[in-house]
Amino acid sequence: MRRGWAATRLVPGMLALALAVCCQARLPVAAAGDVWNMTFLGHLGGAATAVVSSGSRFFVGVGPRLLVLDASAPTLPVLGRSQPLPGRIAGIAVDGNRAYVAASDGGLHILDIATSGEAAEVGSATFDGDAAGIAIAGSHALVVDGTQGLRVFDVSTPAAPVQVALLPIEGE
């Protein structure tokens, strides 16, 4: 297996997810006690492209699917519902009971994550471009569009996000 870049998300005393992004990568799941002495618990199949945690839950982008992993019991994480989206998941942000997903050519997707192990889509906004990353600032979602710049969406009504700005990024 060819190595790519890796990111790790640690929750002290709970669970560590190491995200390896490369050809045919798997998302290893390990119990974290002593950071230097982790125990491998298993893996989630598919090429993982994004991961974020909120409390004891992890949200993982695997191709065009958002996986919800409940780590309330750190040594026995439970895979919840898989939510398919129309594009490869490039970024995930969580704010309260909402997950905001940048789904490459599928645009912005807003999901209700109030129920543990579940993620139900409540709204979306498509655009010509490539949603490559996302951040939340109050009632706005900032979506990096790899072809156009930075798109700003008003998400105060999650069922109907509205683009309020497009900030071109010049140069290389």
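In the block above lies the structure referred to throughout.
Nothing here was measured: the structure is a model prediction, and the numbers come from that model.

Reading the values: rules and limits
- Residues numbered from 1 in each chain as written.
- Predicted model: local features only at pLDDT ≥ 70, side-chain atom pairs only at ≥ 80, totals over all residues.
- Heavy atoms only, no water.
- Pairing = 2+ DSSP bridges.
- Helix = DSSP H or I, 4+ residues; strand = E, 2+ residues; numbered from the N terminus.
- Axes fitted to C-alpha atoms, helices over the stretch in contact; angles between N-to-C directions.

Read across the sheet, four strands follow the order β5-β6-β7-β8 without closing on themselves; strand pairing throughout is antiparallel. Only two strands of the sheet have a single partner each, and these edge strands are β5 (48–54) and β8 (78–84). Pairwise comparison of adjacent strand axes, ignoring direction, gives a mean angle of 20° for this sheet. Bridging between strand β6 (residues 57–62) and strand β7 (residues 65–70) involves six bridges; their strand directions are antiparallel. Following the sheet pairing, F58 is matched in β7 by L69.

Moving on to the sheet that holds strand β15 (residues 149–154). Pairing within the open sheet is antiparallel, and its four strands lie in the order β13-β14-β15-β16. Two strands close off the open sheet at either side, each with one partner strand: β13 (131–137) and β16 (162–168). Mean inter-strand twist for the sheet, computed between neighbouring axes without regard to direction, equals 20°. Direction of pairing for β13 relative to strand β14 (residues 140–145): antiparallel, over a ladder of six bridges. Across the sheet, residue I136 finds its bridge partner in β14, namely A141.

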